[in-house]
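One letter stands for each residue in the lines below.
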Amino acid sequence: IHLVAGFSSIRERTIAENSLVILLQGLQGQVTTVDLRDESTARGHVVNVDAFMNIRLKKVLHRDRRGRLTQLEDLFVTGRNVRYVHIPDHMDIMETIQGQLAKSHRVRNFAGGRKEYAKKKS
Amino acid sequence: MADEVEQQQTTNTVEEPLDLIRLSLDERIYVKMRNDRELRGRLHAYDQHLNMILGDVEETVTTVEIDEETYEELYKSTKRNIPMLFVRGDGVVLVAPPLRVG
């Protein structure tokens, strides 16, 4: 089963659902700016964010601490190197988080598994 | 009404330090960060790692320059405003109500 919510393991899902990383995962597809620990910034499309806050971006404009610009097709930032993530103005935080949680719970039910969680929305 | 998600128990009493942060939800707070940074903004969300979502944020970065001749310390601060910011918890040093000046 291809996991809609993109978790590699149940462990990752538990880690993500118990922290604010779940909000960052809802940023998939959006354009945001990530401020890195080394004072550089990367602005691009969020491809994926995992439970450890590792972020994969595409079509990136990277600005180093001196202000020098580089265009990158793909950029992978390790979670430890993230300082800030700019959240797009239009985003509703609660809605995004609830949407992310609903997505992964729907997958569990669809997989015909145990009914640990209450019924799907009908 | 069936809940979609298992709800975690939330109490109204202050039992641990993180509960003090809970009291500041939706309030403006002051956050001191590593690398001489400070944030002032409205706390929308936080988690156990102190990852936070702040709205209407002002970030202040302070640098010290030493004049080579006079050895004077010149403190400079740069500010910028960001409408909505996700802050990674490992950069956070302390969280407090906004500092009152004067």
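The written sequence of each chain sets the order in which its residues are numbered from 1. Chains and ligands are labelled sequentially in the order written, the chains with letters from A and the ligands with numbers from 1. Local features in this predicted model are restricted to residues whose pLDDT is 70 or higher, and side-chain atom pairs enter the listing and the counts only when it is 80 or higher, whereas totals over whole chains, interfaces and linings include all residues. Just so you know, side-chain values use all the structure's heavy atoms and leave hydrogens and water out.

A. Fine view of the overall build of chain A. What counts as a helix is a DSSP run of H or I of at least four residues, what counts as a strand is a run of E of at least two, and both are numbered from the N terminus. Each helix and strand counted, chain A has three helices and five strands in total. When the helices and strands of chain A are placed in sequence order, the string is α-α-β-β-β-β-β-α. Working definition: with a 1.4 Å probe on protein chains only, accessible area under 20% of the residue-type maximum means buried, over 50% means exposed, and in between means partly exposed. By the burial criterion, 45% of the 122 residues in chain A qualify as buried. Between two residues, a contact is recorded if the distance between any of their heavy atoms is within 4.5 Å. Across chain A, the fraction of contacts at a sequence separation of at least 24, relative to all contacts at a separation of at least 6, is 48%. Counting only carbon and sulfur atoms, one obtains 50% of the accessible surface of chain A, whose full area is about 7300 Å². Note on areas: Shrake-Rupley, 1.4 Å probe, and residue coverage restricted to the protein chains presented here.

B. Structural view of unusual backbone geometry. In the Ramachandran plot, Lys59 of chain A falls in the positive-phi region, its phi being about 50° despite a non-glycine side chain. For Lys59 of chain A, the position within the fold is in strand E3 (residues 55-63). Even without glycine at this site, Asn35 of chain B takes up a positive phi of about 65°. With relative accessibility at 48%, the residue Asn35 of chain B sits in the partly exposed group.

C. Structural context of a negative patch on the surface. Residues Asp67, Glu68, Glu69 and Glu72 of chain B make up a contiguous surface patch of negative charge. As for its placement among the helices and strands, Glu72 of chain B is situated in the loop between strand E3 (52-66) and strand E4 (73-87). Residues enter patches when they are more than 30% accessible in relative terms and free of salt bridges; like-charged ones are connected within 9 Å and nonpolar ones (Val, Leu, Ile, Met, Phe, Trp, Tyr) within 5 Å. Whenever a carboxyl oxygen of Asp or Glu lies within 4 Å of a side-chain nitrogen of Lys or Arg, that contact is scored as a salt bridge. When charges are counted, Lys and Arg contribute as positive and Asp and Glu as negative, whereas His and the chain ends are disregarded. Where a charge lies is defined by one atom per residue type, namely NZ (Lys), CZ (Arg), CG (Asp) and CD (Glu).

D. The arrangement of the pattern of salt bridges in detail. Applying the stated rule across the entire model yields 13 salt bridges over all chains. Salt-bridge contacts for Arg13 of chain A lead to Glu17 of chain A; the nearest nitrogen and oxygen are separated by 3.7 Å. Pair noted here: Arg13 of chain A and Glu17 of chain A are both in helix H1 (residues 10-17), with a separation of four residues, about one helical turn. For Arg13 of chain A, a relative accessible area of 12% gives the class buried. Judged by its relative accessible area of 21%, Glu17 of chain A is partly exposed. Note that Asp90 of chain B is salt-bridged to Arg80 of chain A, the shortest N-O span being 3.0 Å. Of this pair, Asp90 of chain B sits in the loop between E4 and strand E5 (92-96) while Arg80 of chain A is found in the loop between strand E4 (69-77) and strand E5 (82-86), placing the two residues in two different chains.

E. Region of interest: the sheet that holds strand E1 (residues 28-33) of chain B. Strand order in the open sheet formed by 10 strands is E4(A)-E3(A)-E2(A)-E1(A)-E5(A)-E4(B)-E3(B)-E2(B)-E1(B)-E5(B), with antiparallel pairing between adjacent strands. At either end of the open sheet lies a strand with only one pairing partner, and these are E4 of chain A together with E5 of chain B. Going across the sheet, the axis of each strand differs from the next one's by a mean of 30°, ignoring polarity. Strands pair, by our definition, only if DSSP identifies at least two bridges between them. Across seven bridges, the pairing between strand E2 (residues 41-49) of chain A and E3 of chain A is antiparallel. Residue Asn48 of chain A lies in a different strand from E3 of chain A, and its bridge partner there is Arg56 of chain A. To define axes, lines are fitted to C-alpha atoms, for helices over the stretch in contact only, and angles between the resulting N-to-C directions are given on a 0 to 180 degree scale.

F. Representation of H1 of chain A. Residue and element names in this part refer to chain A. Buried within H1 are the following residues: Glu12, Arg13 and Ala16. Down the axis, H1 shows its buried residues gathered within 100° of arc, on one side only. In H1, the exposed positions that point more than 90 degrees away from the buried face belong to Ile10 and Arg11. Think of it as the arc spanned by the lines of direction from the helix axis to the C-beta atoms.

G. Just the pairing of E4 of chain A, in detail. Residue and element names in this part refer to chain A. Bridging between E3 and E4 involves eight bridges; their strand directions are antiparallel. Within E4, the position partnered with His62 by the bridge is Thr70. Turn length for the E3-E4 hairpin, with the two strands adjacent in sequence and antiparallel, is five residues, and the turn residue Gly67 shows positive phi of about 100°.

H. Broad picture of the pairing of E3 of chain B. Residues and elements named next belong to chain B. Looking at chain direction, strand E2 (residues 37-46) and E3 are connected through eight bridges and run antiparallel. Paired with Ala45 across the two strands is Ile53, which belongs to E3. Taken together, E2 and the strand that follows it, E3, pair antiparallel across an intervening segment of five residues, in which Leu50 is found at a positive phi of about 70°. Note that E3 and E4 share 14 bridges and pair antiparallel. Pairing of Glu59 across the sheet is with Arg80, part of E4.

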